[in-house]
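One-letter residues, chain by chain:
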Amino acid sequence: MPGPLCLSWCEHQVRVEGGTVTVGTEGCARDANVVGRVHSLETFGTVDGPGTRFVVFCQGCPMRCQYCHNPDTWEFDKGEERSVAELLEMFERNRPFYRRGGITVTGGEPMAQPGFVAALFRAAHAAPAGRIHTCLDTSGATFSANHAARFSELLDETDLVLLDIKTSDPALHESLCGLPARHALELGDELARRRIPTLIRHVVVPGLTDSEEEVAGVGRIIGDWDNVVGLDLLPYHTMGAVKYERLGISYPLEGVSAMEPARAKELREVALRARAARRAERSR
Ligand code: SF4
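Residues numbered from 1 in each chain as written. Predicted model: local features only at pLDDT ≥ 70, side-chain atom pairs only at ≥ 80, totals over all residues.

Below, the discussion takes up the overall build of the protein chain. When helices and strands are tallied, the protein chain shows 9 helices and 11 strands. Sorting the 284 residues of the protein chain into buried and exposed places 41% on the buried side. If you take every contact in the protein chain between residues at least 6 apart in sequence, the share linking residues at least 24 apart comes to 76%. (Helix = DSSP H or I, 4+ residues; strand = E, 2+ residues; numbered from the N terminus. Buried ≥ 20, exposed ≤ 12 C-beta atoms within 10 Å, placed from the backbone. Contact = placed C-beta atoms within 7 Å.)

Printed below as a string of structure tokens:
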């Protein structure tokens, strides 16, 4: 039996079931009312997942990456509340443009609001005009294997993950980002267990994360995860510095130059060779 048809994401949440019209309070209607704290929205994003995407930037992040170019997303009590219904309505207004894309939730840290993102993704999958592809862009900072159940509903509804591996060096991770590396690693293990397609992203910062040893370490880490579908090495740029000035925060990487994109490409090859070696080792 097909489930009830949800006609609208409007506040009336009208549903039609066996010819009877009801105003629902559960299922997709329940999700429509869920609110999250959002920093900003981008209606035509092209860098956070496949195709053209509706991108939701969540407010709040527990990490403090020295190279973060969104320090205005850090504080949890800023931003504004947005409901799932409101976001889906905005998506539907431009649906034809997202034919090969979908919705991406990034941040800040979207996994700091797992209930909200789970509701948004569930509603996206159940959208009356057709299933919407969902992508989660995360550092994994709030994930812990001991509390994996908290994230279960969210991961059940996630089609693609963009997972940041900040560095393969655990000591550097703490000084570079302010939190231990284990959160991202435990999330990576969970995504592999669930076989959720995952694209790994690693920012290459001159003098910090640009050694061959460092990126080979990243390659070895992802060599353990069979669900990895890609690796992006993102060259560090200095465009975020101006935001720190505006917020009156001192910029931790003052004086560090932008990374040469060509060198980042070479380092990606190093990482991929290390990944292949690790996979060969595992298959022995
Ligand atoms: S995890 Fe992302 S949003 Fe949070 S501090 Fe790091 S780069 Fe910034």
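What follows is about the sheet that holds strand β4 (residues 35-45). Sheet architecture is open: 8 strands sit in the order β6-β4-β5-β7-β8-β9-β10-β11, paired in mixed fashion. Edge positions in the sheet fall to β6 (80-83) and β11 (228-235), since each of these pairs with one other strand and no more. Strand-to-strand, the axes of this sheet are offset by a mean angle of 30°, without reference to chain direction. In terms of strand pairing, strand β8 (residues 134-138) meets strand β9 (residues 160-164) through 4 bridges, oriented parallel. Its bridge partner lying in β9, Cys135 is registered against Leu160. (Pairing = 2+ DSSP bridges. Axes fitted to C-alpha atoms, helices over the stretch in contact; angles between N-to-C directions.)

Another aspect to go through is the site of the ligand. Taken together, 13 residues lie around the ligand, and Cys61, Met63, Cys65, Cys68 and Ser139 are the ones closest in. Its residues assigned to classes, the shell around the ligand shows 6 nonpolar, 5 polar and 2 charged. (Near = placed C-beta within 6 Å. Nonpolar A, V, L, I, M, F, W, Y, C, P; charged D, E, K, R; others polar.)

Okay, the packing of helix α7 (residues 212-222) against helix α9 (residues 261-283) next. Closest axis-to-axis distance for the α7/α9 pair is 7 Å, and the angle between their directions is 40°. Classed by the angle they form, the pair α7 and α9 counts as oblique. For the crossing formed where α7 meets α9, the hand is right-handed. Each of Glu212, Val215, Ala216, Val218, Gly219, Arg220 and Ile222 in α7 lies in contact with α9, whose residues at this interface are Leu267, Val270, Ala271, Leu272, Arg273, Ala274, Arg275 and Arg278. Of the residues in the contact of α7 with α9, the class split is 9 nonpolar, 1 polar and 5 charged. (Parallel < 35°, antiparallel > 145°, perpendicular 65-115°, else oblique. Left-handed = near helix turned anticlockwise from the far one by under 90°.)

We now examine the nonpolar core. Ranked by size, the top nonpolar core spans 69 residues in total, and within it Val56, Val84, Ile103, Val117, Leu120 and Leu163 carry the most contacts. What Ile103 contacts, discounting residues up to four positions off in sequence, is Arg53, Phe54, Val56, Phe91, Ala124, Ile132, Thr134 and Cys135. (Core = buried A, V, L, I, M, F, W, Y, C linked by C-beta atoms within 7 Å.)

Among all positions of α7, only Glu214, Val215, Ala216, Val218, Gly219, Ile221 and Ile222 are buried. Among the structural elements, α6 (182-194), β10 (198-204), β11 and α9 are those in contact with the buried residues of α7.

The angle between the axes and the distance between the axes are what describe a pair of packed helices. Between helix α2 (residues 84-93) and helix α3 (residues 114-125), the least distance of the axes is 10 Å, while the angle of their chain directions is 45°. Here α2 lies oblique to α3, going by the angle between them. Helix-helix and strand crossings are classified by hand; for α2 and α3 the assignment is right-handed. Each of Val84, Leu87 and Leu88 in α2 lies in contact with α3, whose residues at this interface are Ala119, Leu120, Ala123 and Ala124. A class-by-class count of the residues in the contact of α2 with α3 yields 7 nonpolar, no polar and no charged.

In terms of burial, strand β5 (residues 53-58) is a largely internal element, 6 of the 6 residues being buried. Every second residue of β5 is oriented toward a common face, with Arg53, Val55 and Phe57 on one face and Phe54, Val56 and Cys58 on the other, all of them buried. With 5 bridges connecting them, β4 and β5 associate as antiparallel partners. Its bridge partner lying in β5, Val38 is registered against Cys58. In this structure, β5 lies alongside strand β7 (residues 102-106), joined through 5 bridges in parallel fashion. In the sheet register, Phe54 faces β7, and the bridge partner there is Ile103.

Moving on, we get to α9. End to end, α9 covers 33 Å across 23 residues, agreeing with the expected 33 Å (1.5 Å per residue, within 8%). For α9, the full list of buried residues reads Leu267, Ala271, Ala274 and Arg275. Taken together, the buried residues of α9 touch β10, α7 and β11. (Expected span 1.5 Å × (residues − 1).)

When β9 meets β10, the two strands line up parallel, connected through 4 bridges. Within β10, the position partnered with Leu162 by the bridge is Leu199.

Time to look at the environment of Thr52. Along the polypeptide, Thr52 turns up in the loop between β4 and β5. With 48 residues separating them in the primary sequence, Thr52 and Arg100 have C-alpha atoms 6.7 Å apart.

What follows concerns the environment of Asp224. Its place among the elements puts Asp224 in the loop between α7 and β11. Accessibility expressed as a C-beta count within 10 Å gives 16 for Asp224, which makes it partly exposed. Separated by 55 residues in sequence, Asp224 and Arg279 have C-alpha atoms that sit 6.8 Å apart.

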